[in-house]
Amino acid sequence: MTDTVLAVLNQPSRDAAPHDPEADAFTWATPLEEHLQVQDLGAIRGDGVFETITVVDGRPQALEPHLARFVRSAAMLDLPAPDLDAWRQAIEAACARLDPVHEAFAKTVMTRGVEGSHRPTGWVYAAPSGDQTPARTEGIAVVTLDRGYRHDVERTSPWLLQGAKTLSYAVNMAALREAERRGADDALFVSSDGYVLEGTRANLVASVDGRFVTPRTDIGILAGTTQADVFRFAEGEGVATSYELLTLADLEAADALWLLSSVRQAAPIRSVNGVARSMDLPMTERINDFLLSRDQ
């Protein structure tokens, strides 16, 4: 057992024969040693995709939805289709090799590789999660930031790759730093024409008149695996769910708000742009209990 794990995928070249099921899918590596070539396009251009998967008691959660989104993101970037059997094997092995902790994460990364090699680079990194208790029990402060695109950008400009989980997170991290400069914990993006989108690394869910509502996933945002499971929880509780266009006025009128993501799970929003918001902490606890007890 160890506290951090790295499995490097044995990725075939673009023109190679299909994966031999008898061949090794990955190679174990030491996390802090050098592994990435300096010419890898993931490092110099952010040209790649990734997923972060919650691991509870050694069990990766929502694994198949994460892998399905990994495939969708790769297709949007015209990357080779990931060999899901190989990736699944590497993820499960990495999770099994971690020290026994209650909460951890596994991150899958696939880049275009070294330019001209036609051979993608891939790895799975797994490690214990930080303590998310304060965010889950005390809530988080958010600010709204203009993303600079209309809400229909995914349809009008698909080359901007809105809705793909790519390695190009510099804008997201800049937005997070701006939120911190404004005294907040996170940012919530808003389209240039006034529609609420998503957090820097999370999806929004609002409680509105007894319903759970989230922004539509066809407006240039990432479809959330955690959000999908929260809707599954809500429907099991008899709570109606809906994907809608939400404005800032809708945000202000909501009864409660959450940012949902792998690792942090459901974090209630305690303020928006410095204005205090009511939090439904009993519901938050029920949501997180559900998320952390998933068996798939």
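Thresholds applied
- Residues numbered from 1 in each chain as written.
- Predicted model: local features only at pLDDT ≥ 70, side-chain atom pairs only at ≥ 80, totals over all residues.
- Heavy atoms only, no water.
- UniProt positions renumbered as here; feature names shortened; annotations may be inferred.
- Pairing = 2+ DSSP bridges.
- Helix = DSSP H or I, 4+ residues; strand = E, 2+ residues; numbered from the N terminus.
- Contact = heavy atoms within 4.5 Å.
- Axes fitted to C-alpha atoms, helices over the stretch in contact; angles between N-to-C directions.
- Phe/Tyr/Trp six-rings, centres within 6.5 Å; stacked < 30°, edge-to-face > 60°.
- Buried < 20%, exposed > 50% of the residue type's maximum accessible area, 1.4 Å probe, protein only.
- Lys NZ or Arg CZ within 6 Å of the ring centre and 35° of its normal.
- Domains from an automatic or database assignment.
- Buried area = accessible area lost by both parts, 1.4 Å probe.
- Salt bridge = Lys/Arg side-chain N within 4 Å of Asp/Glu carboxyl O.

The name given to the protein in an unreviewed UniProt entry is Aminodeoxychorismate lyase, with the source organism recorded as Curtobacterium subtropicum. In its Sequence similarities (unreviewed entry) section, the UniProt record describing the protein reads: "Belongs to the class-IV pyridoxal-phosphate-dependent aminotransferase family."

It is worth spelling out the sheet that holds strand 6 (residues 121-128) at this point. Strand order across the open sheet formed by 6 strands is 2-1-6-5-3-4, with antiparallel pairing between neighbours. A single partner strand is all that each edge strand has here, and the edge strands are strand 2 (26-29) and strand 4 (59-60). One ladder, built from 9 bridges, connects strand 3 (residues 48-56) with strand 5 (residues 103-111); its direction is antiparallel. The partner of Glu51 across the bridge, within strand 5, is Thr108. Contacting strand 3, strand 4 and strand 5, helix 2 (residues 63-76) runs over the sheet at an angle of about 175° to strand 3.

A few words now on the packing of aromatic side chains. In the structure shown here, the tally under the stated rule is 7 aromatic pairs. The interplanar angle of 75° and the centroid separation of 4.9 Å between the aromatic rings of Phe70 and Trp87 together place this pair among those described as edge-to-face. Of this pair, Phe70 sits in helix 2 while Trp87 sits in helix 3 (residues 84-97), placing them 17 residues apart in sequence. Note on Phe70: relative accessible area 1%, which makes it buried. Centroid distance Phe212 to Trp258: 5.4 Å. Interplanar angle 55°. Geometry classified as tilted. Taken together, the residues Phe212 in strand 11 (residues 211-215) and Trp258 in strand 13 (residues 256-261) connect sequence positions 46 residues apart. Of the residues examined, Phe212 reaches a relative accessible area of 3% and is grouped as buried. Over the aromatic face of Trp28 sits the side chain of Arg97, whose NZ or CZ is 4.0 Å from the ring centroid. The lysine or arginine in question, Arg147, covers the ring of Phe189, its NZ or CZ lying 4.3 Å from the ring centre.

Assigned domains of the protein: these are domain 1 (5-130) and domain 2 (134-292). The C-alpha-based centres of domain 1 and domain 2 are spaced at 26 Å. In this assembly, 24 residues from domain 1 lie in contact with 20 residues from domain 2. Across the domain 1/domain 2 interface, buried area totals approximately 1700 Å², and carbon plus sulfur atoms make up 60% of it. Contact with domain 2 buries area across many residues of domain 1, yet Phe50, Arg69 and Met76 alone supply 34% of it, more than any other trio. Counting across the interface, domain 1 meets domain 2 through 1 salt bridge.

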